[in-house]
Amino acid sequence: MTKDSAGEQDTLLDVPATPVRRRAARGAAAIAAAAPVARVTLDLAPAHLDRIFDYLVPESMDAAAQPGVRVKVRFGSQDVDGYVLARADTTSHDGTLQRIRRVVSDERVLTPEVAVLARAVADRWSGTMADVLRLAVPPRHARAELAGAGAAVDDPDPGAAPVRTPDPDAVSAQDRVARHWELYRGGAALLQRISAGGDPRAVWTALPGRTVAIPEVEDWAAGLAALARTAASAGRGVIVVLPDKRDVDHLARALDATGWSCCTARTPGDYVRLEADAGPSPRYRSFLSALHADVRVVIGTRAAAYAPVAGLGLVVCWEDGDDSLAEPRAPYAAARDVLALRSELEGAAFVVGSHGRTVSAQALLASGWAREVSAARDVVRSSAPRVRALTSTELASEGAGAAARLPTAAWRTARQALVDGPVLVQVPRAGYIPVVACSRCRASAQCPRCHGPLGLAGQRSTPQCSWCGHLAAGWRCDECGNDALRSVRVGSGRTAEELGRAFPGVPVRQSGASAPGGVLSRVEARPALVVATPGAEPVVDGGYAAALLLDAAVSTASVRLTAAERAVGRWVGAASLVRPASDGGVVLLVGDAAPAPTNALVRWDPAGLADRELAERVELSLPPAVRIASVSGDREAVSAVVSRVALAREHADFVVLGPVEIEHDERRTTDRTLARPVRTVLRVPVGEGGRLAKELAASLAVRSARREGGSVRVRLDPEEML
DNA sequence: GCACACGAGGAT
DNA sequence: TCCTCGTGTGCC
């Protein structure tokens, strides 16, 4: 480009001519002839910088600097990463525009749909787009990119989904899994509407189901496979988000059973797995497969909610009550809620499925946003195992045995079931004996140094503080001076040991994050005791002969608002792996749990419980009947952020609760001499949730622009408080 | 997170 | 009057 044409370029831009002309006069490299301005979103933490910045596109980068690519730009004195959102002819910025320094790669990793989604998620949860994009777009892996480029050269028509001729066996398999949905009221209609290109929204309560020998998978995964195939054969993109790798494995097997195959680095396929824990290279490679529309179906863990799927027609969230689907990173948007938002933005169908029912899912039904898809009572009864609650009243006749952790009745049931197959034992705590108390007065044993709870790591070990790690040798009770300890919560490690003694000759397997062998995906269909923590129950072909759900009281004793729904969720999750009653399947809930969740399990009615819990929340003005935000951190900083929320002064139904002192975040500081942080809760009617989020975000932007001190964390719908 | 602008206060 | 230091804010 000549000097003159560069000068003309300046007049195309709505910028004062002088600074740019000076650059041109110095003979700096030319800028792009068409659309020389790139609108860029930057990877910067401060809230007030969460906006679009304009940069000039050097001519050499004209072709590469397409919307969606990663770029490096100068921002003040630092080099920062960003994404090009769009190209434009003009800018509204009245200073000198900097040039893009580098286009990191040609891959347009941020699709327009995901950019819109990221903006919407940031707005909805008072966060920044940069935070959301860190969750949505995996880190670049250059070698994975090269491998992908090679494949694209081989492909005569890159960018188009490969058209695969369905083989007849696969089609009949598809028919079979489609029949799965006839078991559910509203199931056939749901498939029909997805197939017709509609955007139905459903809360699906999956029937308890055993996993029959592959390829005839007939449990929940068969249902998900049928949904995915239905949408895909209508030419629509699909995302299925599941709690963990085991669940993704299980769905993958069900999809394979319908004749599909997984797309990997070496082989093309029909769907791709997107998992953060697969490692940087496979993760980025799978991401590129979805991006290039090699496949239209993505299954994966929570970050898959942001997958770049073209022509998205169906989003599914499986087991939305699972903790893994809550996002631990700012702005803390849970997978279910991200998918719900995305389904609205992209006109896709939405399905949240579970064996249980969260109160949040119930709220989607109550508001009329989604429809219920569930089986009739007699179908549920014929699929479910027999459930009995062994409470102390039930066991009154047993005398001394009633108070035992494993009452005689439970022992007898397990003994009988072990003749037929494996028996699942669910224990709500991992480890050995996590917490100990004084054996005489039962006061909980505290660390003499920091007053944290003491625990035992092994049978003969010294009690150790679970906060500061102090070994409390020679411990004495603060209350009564006694020196003997007893366990108050017994973990799965101790249970496995106890059971080994109670059932000599029977193999004992353990499954859980802290179990010696980790989490087991499946176990053999032969007699064994399988001790698992909630969510880590291995599946077994043909189902368990029985399940013992131990320490039921521990599951419902929590002060958390969600204790009941979570307990029932854990229990039905485990009980769903047991054979139906007609095949002798039996589930025993052992311990005195709260009556409502106990009855919900015995009657196999998680929806009923969720409905009553929701009614209670409406009564008490608690989420999800209202929207709340928690603002926590240093007292002054919290007060400043809250003071700028104008909604508080205008709205009669706006309630400010607190500030109250809270515990230090153990991950951030162990220094307990610092002033205690506080939390203020803001509560508004659901209809004002959007404004609340917006005003909080604006207040955080003011805070960061003014460089107010201290630290503050804002969370909307804070799960940890519920 | 760095650089620069601007205002206050002090030395010349 | 000019210089320096400190605080505040822009960064495209």
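Everything in this summary refers to the structure shown in the same document. For clarity, every value in this text was computed on a predicted model and none was experimentally measured.

1. Quick word on the pattern of salt bridges
- Summed over all chains, the structure comprises 31 salt bridges.
- Between Glu 372 and Arg 357 there is a salt bridge; the shortest N-O distance is 2.9 Å. Residue Glu 372 is found in strand E13 (residues 371-375), and its partner Arg 357 is found in the loop between strand E12 (349-354) and helix H12 (359-366); the two are separated by 15 residues along the sequence.
- Exposure remark for Arg 357: the relative accessible area of 6% places this residue in the buried category.
- Arg 522 is paired through a salt bridge with Asp 541; the nearest N and O atoms lie 2.7 Å apart. Placement of the pair is Arg 522 in strand E21 (residues 522-523) and Asp 541 in the loop between strand E23 (539-540) and strand E24 (546-549), with a sequence separation of 19 residues.
- Three or more residues are tied together by salt bridges with common partners; here these are Lys 245, Asp 249, Arg 273 and Glu 275.

2. Some thoughts on the pairing of strand E22 (residues 529-532)
- Of the two faces of E22, the one carrying Leu 529 and Val 531 and the one carrying Val 530 and Ala 532 are both buried.
- For strand E15 (residues 423-426) and E22, the ladder comprises 4 bridges, and the chain directions are parallel. Residue pairing for E22: Gln 426 is matched across the bridge by Ala 532.

3. Digging into the protein's contact with DNA strand C
- Neighbouring DNA strand C are 13 residues, the closest being Asp 54, Tyr 55, His 93, Gln 98 and Arg 707.
- Per the 4 Å cut-off to the protein, sugar and phosphate atoms form 31% of the nearby atoms of DNA strand C.
- Between DNA strand C and His 48, the relevant distance is 3.5 Å, taken from a base nitrogen to a side-chain nitrogen or oxygen of the residue.
- Contact between DNA strand C and Asp 54: a sugar or linking oxygen at 2.5 Å from a main-chain N or O atom of the residue.

How each quantity is defined
Residues numbered from 1 in each chain as written. Chains lettered and ligands numbered in written order. Predicted model: local features only at pLDDT ≥ 70, side-chain atom pairs only at ≥ 80, totals over all residues. Heavy atoms only, no water. Salt bridge = Lys/Arg side-chain N within 4 Å of Asp/Glu carboxyl O. Helix = DSSP H or I, 4+ residues; strand = E, 2+ residues; numbered from the N terminus. Buried < 20%, exposed > 50% of the residue type's maximum accessible area, 1.4 Å probe, protein only. Pairing = 2+ DSSP bridges. Near = heavy atom within 4 Å. Polar contact = N/O pair within 3.5 Å; in protein donor to acceptor, adjacent residues only side chain to side chain.

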